[in-house]
Amino acid sequence: EPEVTQTPSHQVTQMGQEVILRCVPISNHLYFYWYRQILGQKVEFLVSFYNNEISEKSEIFDDQFSVERPDGSNFTLKIRSTKLEDSAMYFCASRLSIYSGETQYFGPGTRLLVL
Amino acid sequence: AQSVTQLDSHVSVSEGTPVLLRCNYSSSYSPSLFWYVQHPNKGLQLLLKYTSAATLVKGINGFEAEFKKSETSFHLTKPSAHMSDAAEYFCVVSDSTNKLVFGAGTILRVKS
């Protein structure tokens, strides 16, 4: 069964450093998402992406964040200058269509720790 | 705005007994609702979804959920818990732009 993959599974970085989290969505999917879950808190939406541009972003997704689909298969989340409060589990998801009942398939997550 | 409330942060059951995880939603239109499960150190896996077809939805691993519009509920049930069901369960609603809005999660513990 096709699945969403994410690398790395864990990343430790120093505050102020740039990190890039990578995702490979399911190959025929068209809509891509990043969510995050800070320890002890709800999973929260960050950004959605379609047709090589951002469809929607949350208040969290400020200028320090960016997303890219550089080569038609990878989907990346970049945090330009990490803060302590960026420590979280980051999930990538993809879906085939925009139909509201369409399932979003999640990757296993990248656990980011900012020191 | 759409939201979900999971009424129990922790539920503990004995193996072989029924499971009930409660979820209430708020939506200004007919929602799509999902239950996802997260096992330790694993990703989010879809258990089942409601998309305005049958109100009783069957999912994987013997789970099912019933959409009750009058009660704005979408509770998750399983007749007989198994040790492998121990995990965190999320009730989720899809909003008008199709992003997912998650509940706070319910941790299910299964005692032997």
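Please refer to the structure placed before this passage.
Okay, so let's go over this structure. (Residues numbered from 1 in each chain as written. Chains lettered and ligands numbered in written order. Predicted model: local features only at pLDDT ≥ 70, side-chain atom pairs only at ≥ 80, totals over all residues. Heavy atoms only, no water.)

A word on the overall build of chain B. Looking only at helices and strands, one finds zero helices and twelve strands in chain B. The N-to-C order of helical and strand elements in chain B reads β-β-β-β-β-β-β-β-β-β-β-β. Whereas a compact globule of 112 residues would reach a radius of gyration of roughly 13 Å, chain B reaches 13 Å, a difference of no more than 12%. For the C-alpha atoms alone, the extent of chain B along its principal axes is close to 40 × 25 × 20 Å. Per-residue burial for chain B yields a buried fraction of 46% across its 112 residues. For chain B, restricting intrachain contacts to residue pairs at least 6 apart in sequence, the fraction spanning at least 24 positions comes to 56%. Working note: accessible area of chain B is about 5200 Å², and carbon and sulfur atoms make up 52% of it. (Helix = DSSP H or I, 4+ residues; strand = E, 2+ residues; numbered from the N terminus. Rg over C-alpha atoms; globule rule 2.2 N^0.38 Å. Buried < 20%, exposed > 50% of the residue type's maximum accessible area, 1.4 Å probe, protein only. Contact = heavy atoms within 4.5 Å. Areas by Shrake-Rupley, 256 points an atom, 1.4 Å probe, with all protein chains shown as cover.)

Bringing the overall build of chain A into the picture now. Counting its regular elements, chain A contains zero helices and eleven strands. Counting from the amino terminus, helix and strand elements in chain A follow one another as β-β-β-β-β-β-β-β-β-β-β. For chain A, whose C-alpha radius of gyration is 13 Å, the value lies close to the compact-globule estimate of 13 Å for 115 residues. The C-alpha extent of chain A, read off along each of the three principal axes, is 40 × 30 × 25 Å. Here chain A, with 115 residues, has 47% of them falling under the buried criterion. Taking as baseline every contact in chain A between residues at least 6 positions apart, the subset at least 24 positions apart corresponds to 54%. Summed over its atoms, the accessible surface of chain A is roughly 5800 Å², and 49% of this surface lies on carbon and sulfur atoms. In chain A, 10 side chains carry a positive charge and 14 a negative one; their mean positions are 3 Å apart. (Lys, Arg positive; Asp, Glu negative; His and termini not counted. Charge placed at Lys NZ, Arg CZ, Asp CG, Glu CD.)

Moving on to the interface of chain A and chain B. Between chain A and chain B, the residue contacts involve 19 residues of the former and 20 residues of the latter. In this assembly, chain A packs against chain B so that about 1700 Å² is buried in total across both faces, 51% of it on carbon and sulfur atoms. For chain A, the biggest contributors to the area lost against chain B are Lys42(A), Val43(A) and Phe106(A); these three give 27% of the whole. Remark: the boundary between chain A and chain B carries one salt bridge. With a closest N to O distance of 2.7 Å, Lys99(B) and Glu56(A) form a salt bridge. (Buried area = accessible area lost by both parts, 1.4 Å probe. Salt bridge = Lys/Arg side-chain N within 4 Å of Asp/Glu carboxyl O.)

For the rest of this paragraph, the subject is the packing of aromatic side chains. This structure, assessed with the given rule, holds 19 aromatic pairs over all chains. Taken together, a centroid distance of 5.4 Å and an interplanar angle of 50° make the contact between Tyr35(A) and Phe106(A) tilted. Pair noted here: Tyr35(A) is in strand E4 (residues 31-37) and Phe106(A) is in strand E10 (residues 105-106), with a separation of 71 residues, a long-range link. A residue is classified by how much of its surface remains accessible, and Tyr35(A), at 0% relative accessible area, is buried. The exposure class of Phe106(A) is buried, given its relative accessible area of 9%. Here the aromatic rings of Tyr25(B) and Phe67(B) are separated by 5.6 Å at their centres, their planes lie at 20°, and the arrangement is stacked. (Phe/Tyr/Trp six-rings, centres within 6.5 Å; stacked < 30°, edge-to-face > 60°.)

Right, let's get into the nonpolar core. The biggest cluster of nonpolar side chains holds 26 residues, and the ones touching the most others in it are Trp35(B), Leu48(B), Phe74(B), Leu76(B) and Tyr89(B). Among the elements that take part in this core, strand E10 (residues 87-94) of chain B stands out by supplying four residues, more than any other. Leave out the neighbours within four places in its chain, and Phe74(B) touches Cys23(B), Leu33(B), Phe34(B), Trp35(B), Leu48(B), Tyr50(B), Ala65(B), Glu66(B), Phe67(B) and Cys91(B). By size, the runner-up hydrophobic cluster in this structure holds 22 residues, among which are Cys23(A), Phe32(A), Leu46(A) and Leu112(A). (Core = buried A, V, L, I, M, F, W, Y, C linked by side-chain atoms within 4.5 Å.)

The next subject is a nonpolar patch on the surface. Taken together, the side chains of Val12(A), Leu113(A) and Leu115(A) present a nonpolar region at the surface, about 270 Å² in accessible area. With respect to the element layout, Leu113(A) can be found in strand E11 (residues 110-114). (Patch = residues over 30% accessible without salt bridge, like charges linked within 9 Å, V, L, I, M, F, W, Y side chains within 5 Å.)

Residue and element names in this part refer to chain A. Look at the link from Thr7 to Pro8: it is a cis peptide, with omega at -10°. Not every positive phi belongs to a glycine, and Asn51 is a case in point at roughly 55°. Its place among the elements puts Asn51 in the loop between strand E5 (43-50) and strand E6 (53-57). On the accessibility criterion, Asn51 (58% relative accessible area) is exposed.

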